[in-house]
Amino acid sequence: MMKQSTLTCIVCPKECPLDVYTLDRVVTYISGYSCERGKRYAHDEILCPSRIVTTTVPIEGGVCKRLPVRSSEPLPKERIGEWMRLVKELRVKAPVRVGEVLIAGILGTGTDVISSKSVAKDQSSSVAHDISGAGC
């Protein structure tokens, strides 16, 4: 049976309204897109929706208490809960560089968990630093 799904493209600020028609989990027709990226988004969102996942984890010995992290590539939506459970157990020690791989190939997906920010080691015992938390 033919199925119609309506989506809003999130690839760019245009927010094109997309209509996607499928038959037995095969995309047969897509309308409403204004670029090829929108067409690809509609196709992938129907067959295998995925997202970049972000969160924070504790960081020991850093100038901040939490480290923002993210997936290096989009993950299938049905694996996000599993990803979050594993990442929640992660403990990181400062210093950390932005883009540093914290967990390689999580869940066998080939996607890494990476740092979204550089965090320096807390040198408060020998050097004064901003304790306002600005930027952390």
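Residues numbered from 1 in each chain as written. Predicted model: local features only at pLDDT ≥ 70, side-chain atom pairs only at ≥ 80, totals over all residues. Heavy atoms only, no water.

(A) Highlighting the side chain of serine 5. Within the secondary structure, serine 5 is located in strand S1 (residues 2–8). When neighbours within four sequence positions are excluded, serine 5 is seen to be in contact with Leu18, Asp19, Val20 and Ile46. (Helix = DSSP H or I, 4+ residues; strand = E, 2+ residues; numbered from the N terminus. Contact = heavy atoms within 4.5 Å.)

(B) Quick peek at the sheet that holds strand S5 (residues 54–60). Taken in spatial order, the five strands line up as S8-S5-S6-S10-S9 in an open sheet, and their pairing is mixed. At either end of the open sheet lies a strand with only one pairing partner, and these are strand S8 (92–93) and strand S9 (101–106). Sheet analysis places S9 next to strand S10 (residues 111–115), joined by three bridges and oriented antiparallel. By the bridge assignment for S10, isoleucine 103 is matched with valine 113. The sheet strands contacting helix H2 (residues 80–88) are S5, strand S6 (66–71), S9 and S10, and the helix crosses S5 at an angle near 10 degrees. (Pairing = 2+ DSSP bridges. Axes fitted to C-alpha atoms, helices over the stretch in contact; angles between N-to-C directions.)

(C) Broad picture of the side chain of threonine 111. Assignment of secondary structure puts threonine 111 in strand S10. Classification of threonine 111 as buried rests on a relative accessible area of 5%. Excluding residues within four positions of it along the chain, threonine 111 makes contact with Ser71, Ser72, Glu73, Pro74, Leu75, Ala104, Gly105 and Ile106. (Buried < 20%, exposed > 50% of the residue type's maximum accessible area, 1.4 Å probe, protein only.)

(D) Main features of unusual backbone geometry. Cis peptide bonds are those with omega within 30 degrees of zero, and the linkage from alanine 94 to proline 95 qualifies with 5 degrees. Within the secondary structure, proline 95 sits in the loop between S8 and S9. In this structure, leucine 107 is a non-glycine residue whose phi angle is positive, near 60 degrees. Of note, leucine 107 is situated in the loop between S9 and S10. For leucine 107, a relative accessible area of 21% translates into the label partly exposed.

(E) Molecular detail of the environment of valine 53. Here valine 53 shows up in the loop between strand S4 (50–51) and S5. Residue valine 53 is classed as buried on the basis of its relative accessible area, which comes to 6%. Each C-alpha atom, one on valine 53 and one on glutamate 89, is 16 Å from the other, the two residues being 36 residues apart in sequence. In contact with valine 53, other than residues within four places in its own chain, are Val69, Arg70, Ser71, Leu75, Ile80, Trp83 and Met84.

In short, shape yes, function no, at least from these values alone.
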